[in-house]
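Structural characterization, general
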Amino acid sequence: QVQLVESGGGLVQPGGSLRLSCAASGSISSIVFMGWYRQAAGKQRELVAGITNGASPNYGASVKGRFGISRDNAKNTVYLQMNSLKPEDTAVYYCNALISYGQRPIWGQGTQVTVSS
């Protein structure tokens, strides 16, 4: 069974940076999609950034130019570099992966990111 393990969340001041990591473990030959979603209190879950094999990364409008996503396929790991953080970036960040088409996507347990002075 494939599992996603996230790390790197925490408390940061406005304007600061954080780097999230998400490693997939289990019997995996390749992963179609890896990405990050977030859910703030009282709001719907939204896409932050994602990478599909063979395609360019895509970003949510509110994070373009500030966040960067990258993948290490050899390690089945995806990273989210978050710069110029704002209080409105405060949310639980969830890693998401689609192992193959036709399967249900997998979710990590979530990691809290709090941007506050």
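For the structure itself, look to the data block above.
All of the points below concern the structure found in this document. In this text, all values refer to a predicted model and were calculated from it rather than measured experimentally.

**Section: the state of the cysteines**
Scanning the model with the defined rule gives one disulfide in all. One disulfide in the model links Cys22 with Cys95; its S-S distance is 2.0 Å. Between Cys22 and Cys95, the S-S torsion sits near -85°, and that sign places the bridge as left-handed. Residue Cys22 is located in strand 3 (residues 18-25), and its partner Cys95 is located in strand 9 (residues 91-98); the two are separated by 73 residues in the primary sequence. A residue is classified by how much of its surface remains accessible, and Cys22, at 0% relative accessible area, is buried. Judged by relative accessible area, which is 0%, Cys95 ranks as buried.

**Examining the sheet that holds strand 3**
Here we have four strands laid out as an open sheet, ordered 1-3-8-7, and antiparallel in their pairing. The two strands at the open ends of the sheet, each matched to only one other strand, are strand 1 (3-7) and strand 7 (67-72). The sheet shows a mean angle of 15° between the axes of neighbouring strands, direction not considered. Relative to strand 3, strand 1 runs antiparallel, the two sharing five bridges. Bridge pairing links Glu6 to Cys22 in strand 3.

Conventions and cut-offs
Residues numbered from 1 in each chain as written. Predicted model: local features only at pLDDT ≥ 70, side-chain atom pairs only at ≥ 80, totals over all residues. Heavy atoms only, no water. Disulfide = S-S within 2.5 Å. Helix = DSSP H or I, 4+ residues; strand = E, 2+ residues; numbered from the N terminus. Buried < 20%, exposed > 50% of the residue type's maximum accessible area, 1.4 Å probe, protein only. Pairing = 2+ DSSP bridges. Axes fitted to C-alpha atoms, helices over the stretch in contact; angles between N-to-C directions.

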